[in-house]
Amino acid sequence: FLHSKNFISSSKSMLLRTRSPLSVTSSTSSTTTSKLPTSVKPGVVTGQAYRDLIQYAQDKEFAIPGVNTIGTNSINACMEAAKKAGGPIMITFSKGGGQFIAGKEADNTNDAACISGSIAGALHVREVAKLYGVPVILHTDHCQKGWLGWFDGLIEANEKYFEKHGEPLFSSHMLDLSELPLEENIDICVKYMKRMSKINMCLEMELGITGGEEDGVDNSHVDNSKLYTQPEEVYQVYQALSKIPNAYFTIAAAFGNVHGVYAPGNVKLEPEILHNTQKYISEKESLPLGSKPIKFVFHGGSGSSVSDIKYAIKAGVIKMNIDTDTQWAFWDGIRQYEMKNHDYLQSQIGNPKGSETPNKKFYDPRQALRSGEISMMNRLMKAMEDLNCVNVI
């Protein structure tokens, strides 16, 4: 999920471990073996471990689901899905998601609640991630120019965490300046990449525009031509960011992506753009035939065909964002729980078993929320199958 000219892949190295959820038992030995690079351990991955994991994903042609979360229920559903599927997961916070975690009535002057909620979510993940035995990437989603106060607050938190722990709090952050002129987009990304590189963080940036609407980012009325990025534009970003020492970055290059949910066939993806871009940059940089110098990320995947998704992965996509489908899945789990137990959810006392029979165990919020978690987890496992992200750890 990065680019670094100084990066040397360790994707072929093997990790010998004992009694680890990441490992599978060998038929010839009591020692267990992980498929992952040696640097990648259970829990949150940053720095070199993060880079090794993303290179491993590109080499093995799978993409990691990047899931928007809004609280511990959705966070835990993500890690449960990853554990059961046997793949890594990216847990993502949007600006609005961070504010929701802090509480809608919390003081949000200068984005204080958005910042604090995102940090709180990240700290929860760091505390429990190892218990699931899978690698977890901590990330934040679309940050527009007008939201840079939120971004600055998160960078400051990462710098403070780095001083104490030798690694950043998050693995990566995304800047979405795609509505700006290309030169301004690149200039701002360069400014932040210089700062983030000093604490071993990855920057995700966006080129072109992802259509539709998601969590306060509304691009539903943009010109259709802006939904498709040109290889020359990607190369400009590559050249600018590659000059920065220790720079790690990924690119969300638009190839017809649209946020939201649409009937199959209504989203016109052109993943060939990604293939052509890899070829174009490889030729410019005199790289070997078949090189994939760019780590692409895929936004707006809802409604995309599985064949388009898999073809995009072959072009170097190492992460696909998921939000719309998991939102529905969580709600649908709660809806199904209510339908099943409707007669036990109309009062505290009284149900088909008797007028004085208590209903506490049915209206305990954990019951409905757990149904939401299970439904979201199942949908994510299907997504991980589509992304080839099953049994890869």
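Residues numbered from 1 in each chain as written. Predicted model: local features only at pLDDT ≥ 70, side-chain atom pairs only at ≥ 80, totals over all residues. Heavy atoms only, no water.

S.K.: So what exactly am I meant to see when it comes to unusual backbone geometry here?
M.R.: Glycine aside, residues mostly have negative phi, and peptide bonds are mostly found in the trans state. The backbone of Glu-61 shows a phi angle near 55°, a positive value even though the residue is not glycine. The exposure class of Glu-61 is partly exposed, given its relative accessible area of 28%. With phi around 65°, Asn-246 is a residue other than glycine that occupies positive phi space. The residue Asn-246 is located in the loop between helix H7 (231–242) and strand E12 (248–253) in this model. (Buried < 20%, exposed > 50% of the residue type's maximum accessible area, 1.4 Å probe, protein only. Helix = DSSP H or I, 4+ residues; strand = E, 2+ residues; numbered from the N terminus.)

S.K.: I would appreciate a short explanation of the packing of aromatic side chains in the present structure.
M.R.: For any pair of aromatic rings, the description rests on two quantities: the centre-to-centre distance and the angle between the ring planes. Per the stated rule, a full pass over the model turns up 7 aromatic pairs. Note on Tyr-235 and Tyr-238: the rings are 6.0 Å apart at their centroids and 25° apart in plane angle, and the pair reads as stacked. Taken together, the positions of Tyr-235 and Tyr-238, both in helix H7 and 3 residues apart, correspond to about one turn of that helix. Members of the aromatic cluster, joined through ring pairs, are Tyr-235, Tyr-238 and Tyr-280. The side chain of Lys-95 reaches across the aromatic face of Trp-147, ending 5.1 Å from its centre. (Phe/Tyr/Trp six-rings, centres within 6.5 Å; stacked < 30°, edge-to-face > 60°. Lys NZ or Arg CZ within 6 Å of the ring centre and 35° of its normal.)

S.K.: Sorry, what's going on with the pairing of strand E14 (residues 317–322) here?
M.R.: Working note: regular strand, side chains alternate between the two faces of the sheet. Among the 6 residues of E14, 6 are classified as buried, and the element is accordingly described as predominantly covered. Here strand E5 (residues 64–68) runs beside E14; their pairing, made up of 4 bridges, is parallel. Residue Ile-64 lies in a different strand from E14, and its bridge partner there is Lys-319. With 3 bridges joining them, strand E13 (residues 296–298) and E14 adopt parallel strand pairing. From the neighbouring strand, Val-297 faces E14, where its bridge partner is Lys-319. With helix H9 (residues 306–314) bridging E13 and its parallel neighbour E14, the resulting β-α-β unit is right-handed. (Pairing = 2+ DSSP bridges. Right-handed = clockwise from strand over helix to strand, strands pointing away.)

S.K.: What's the story with the pairing of E5 in this structure? I'm lost.
M.R.: Of all the 5 residues making up E5, 5 are buried; the element is thus mostly covered by neighbouring parts of the structure. Neither face of E5 is exposed, since Ile-64, Gly-66 and Asn-68 on one face and Pro-65 and Val-67 on the opposite face are all buried. Pairing of E5 with strand E6 (residues 89–93) involves 3 bridges; the strand directions are parallel. Counted as the bridge partner of Val-67 is Ile-91 from E6. Handedness of the crossover joining E5 and E6 through helix H2 (residues 72–85) is recorded here as right-handed.

S.K.: Is there a simple way to think about the nonpolar core in this case?
M.R.: One broad trend across soluble globular proteins is that nonpolar side chains are buried collectively. Of all hydrophobic cores here, the largest spans 104 residues; its most connected members are Ile-91, Val-125, Phe-151, Leu-175 and Ile-251. In terms of residue count, the dominant contributor to this core is helix H6 (residues 182–197) (8 residues). Among residues more than four places away in sequence, those in contact with Ile-251 are Met-205, Leu-207, Val-234, Val-237, Ile-294, Lys-295, Phe-296 and Val-297. (Core = buried A, V, L, I, M, F, W, Y, C linked by side-chain atoms within 4.5 Å. Contact = heavy atoms within 4.5 Å.)

S.K.: I'm lost on the environment of Val-67 in this one. Help?
M.R.: In this structure, Val-67 sits in strand E5. Its relative accessible area of 0% is what places Val-67 among the buried residues. Aside from chain neighbours lying at most four places away, what touches Val-67 is Cys-78, Ile-89, Met-90, Ile-91, Thr-92, Ile-322, Thr-326, Met-376 and Leu-380.

S.K.: Explanation requested: the packing of H2 against helix H4 (residues 112–128) in the structure shown.
M.R.: Two numbers describe a pair of packed helices, the interaxial angle and the distance between the axes. Following both chains from N to C, one finds H2 and H4 inclined at 40°, their axes separated by 11 Å at the closest point. Of the possible angle classes, the one that applies to H2 and H4 is oblique. Crossing of H2 against H4: the hand is right-handed. Contacts between H2 and H4 pair Thr-72, Ile-75, Asn-76 and Met-79 from the former with Gly-121, His-124, Val-125 and Val-128 from the latter. Of the residues assigned to the contact of H2 with H4, the class counts are 4 nonpolar, 4 polar and no charged. (Axes fitted to C-alpha atoms, helices over the stretch in contact; angles between N-to-C directions. Parallel < 35°, antiparallel > 145°, perpendicular 65-115°, else oblique. Left-handed = near helix turned anticlockwise from the far one by under 90°. Nonpolar A, V, L, I, M, F, W, Y, C, P; charged D, E, K, R; others polar.)

S.K.: It is not clear to me how the pattern of salt bridges should be interpreted in this structure. Could you clarify?
M.R.: Opposite charge on two side chains permits them to pair, given that their charged atoms come into close proximity. Overall, the coordinates contain 14 salt bridges when judged by the stated rule. Between Asp-325 and Arg-379 there is a salt bridge, with the nearest N and O atoms lying 2.9 Å from each other. Here Arg-379 lies in helix H12 (residues 365–386) and Asp-325 lies in helix H10 (residues 324–340), a separation of 54 residues in the sequence. You can call Asp-325 buried: its relative accessible area is 19%. Ionic contacts of the salt-bridge type, sharing partners, join the residues Glu-80, Lys-84, Arg-370 and Glu-373 into one network. (Salt bridge = Lys/Arg side-chain N within 4 Å of Asp/Glu carboxyl O.)

S.K.: Any chance you could explain helix H3 (residues 95–102) here in plain terms?
M.R.: Every α-helix carries 3.6 residues per turn, so stepping three or four residues along brings you back to the same face. Within the span of H3, buried status applies to Lys-95, Gly-97, Gly-98 and Gln-99. Elements that come into contact with the buried residues of H3 comprise E6, H4 and helix H5 (148–165). Positive backbone phi, approximately 115°, marks Gly-103, located one or two places after H3.

S.K.: I would appreciate a short explanation of H4 in the present structure.
M.R.: Over its 17 residues, H4 runs 25 Å from end to end, which matches the ideal 24 Å to within 8%, given 1.5 Å per residue. Restricting attention to buried positions, one finds in H4 the residues Ala-113, Cys-114, Ile-115, Gly-117, Ser-118, Ile-119, Gly-121, Ala-122, Val-125, Arg-126 and Val-128. Contact partners of the buried residues in H4: strand E4 (43–44), H2, E6, H3, strand E7 (135–140) and H5. (Expected span 1.5 Å × (residues − 1).)

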